[in-house]
Amino acid sequence: MPKKNKNIGAKIWLIISQIFILLTLLPWLAMFGLSFMAFDAGISFTGILFVLTMGSYPIICLLLSVFAWKAYNRQNIQKAVIIGSIPIVIAMIFLILIL
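All figures in this text were calculated on a predicted structure; none of them were measured in a lab.

(A) Quick peek at the packing of aromatic side chains. Scanning all chains against the criterion turns up four aromatic pairs. Seen from their ring centres, tryptophan 28 and phenylalanine 32 are 5.1 Å apart, and the 15° between their planes marks the pair as stacked. One end of the pair, tryptophan 28, and the other, phenylalanine 32, are both in helix H1 (residues 8–35), four residues apart, so they sit about a helical turn from each other. Classification of phenylalanine 32 by relative accessible area gives partly exposed; the value is 21%. With 5.7 Å between their ring centres and 80° between their planes, tryptophan 69 and tyrosine 72 make a pair best called edge-to-face. With a gap of three residues between them, tryptophan 69 and tyrosine 72 both fall in helix H3 (residues 57–73), about one helical turn apart. Judged by relative accessible area, which is 4%, tyrosine 72 ranks as buried. Each residue in the set Trp28, Phe32, Phe36 and Phe39 is aromatic and connected to the rest through ring pairs, giving one cluster.

So, in structure tokens, the structure goes:
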């Protein structure tokens, strides 16, 4: 029988980070729609790379969330918190670049 994880602070952090990720998906949807304007001047490698990069954000967030919860369940708390924080760092970088 697996031991119960008693680190409530890490669990709360993971839940907060998941809520933050969900909230960032709304502005991401608008930005992803606008990213197709990269093809206004024609199809180019940089335009394709930009759209693929923008489109990969929810996939990356989903994968990192799964990995963070798996690490939490395996009692690897530090790894879970770090992996769970990566999407927040990505969102902050995008926010800084936009502003």
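(B) Local environment of the packing of H1 against helix H4 (residues 77–98). Look at H1 against H4: their axes get within 10 Å of each other, and the N-to-C directions meet at 30°. Taken together, the axis directions place H1 and H4 in an arrangement best described as roughly parallel. In this structure, H1 meets H4 at a crossing whose hand is left-handed. Facing H1, whose interface residues are Ala10, Trp13, Leu14, Ser17, Phe20, Ile21, Thr24 and Met31, H4 presents Ile77, Ala80, Val81, Gly84, Ser85, Pro87, Ile88, Ala91, Met92 and Ile98. Partitioning the contact of H1 with H4 into residue classes produces 14 nonpolar, four polar and no charged.

(C) Quick peek at unusual backbone geometry. Unlike most non-glycine residues, glutamine 75 shows phi in positive territory, near 70°. By the secondary structure assignment, glutamine 75 is in the loop between H3 and H4.

(D) Quick peek at H1. Relative to the 40 Å expected for 28 residues at 1.5 Å per residue, H1 spans 39 Å between its end C-alpha atoms, a close match to the ideal helical length. When the local axis directions of H1 are compared, the greatest deviation, roughly 30°, occurs at leucine 26, which is followed within four positions by the proline proline 27. The inward-facing, buried residues of H1 contact helix H2 (45–55), H3 and H4. Regarding H1, its N-cap is asparagine 7, as a side-chain oxygen of that residue lies 3.4 Å from the backbone nitrogen of glycine 9 further along.

Calculation criteria
- Residues numbered from 1 in each chain as written.
- Predicted model: local features only at pLDDT ≥ 70, side-chain atom pairs only at ≥ 80, totals over all residues.
- Heavy atoms only, no water.
- Phe/Tyr/Trp six-rings, centres within 6.5 Å; stacked < 30°, edge-to-face > 60°.
- Helix = DSSP H or I, 4+ residues; strand = E, 2+ residues; numbered from the N terminus.
- Buried < 20%, exposed > 50% of the residue type's maximum accessible area, 1.4 Å probe, protein only.
- Axes fitted to C-alpha atoms, helices over the stretch in contact; angles between N-to-C directions.
- Parallel < 35°, antiparallel > 145°, perpendicular 65-115°, else oblique.
- Left-handed = near helix turned anticlockwise from the far one by under 90°.
- Contact = heavy atoms within 4.5 Å.
- Nonpolar A, V, L, I, M, F, W, Y, C, P; charged D, E, K, R; others polar.
- Expected span 1.5 Å × (residues − 1).
- Bend = angle between axes of the 7 residues up to and from the residue.
- Polar contact = N/O pair within 3.5 Å; in protein donor to acceptor, adjacent residues only side chain to side chain.

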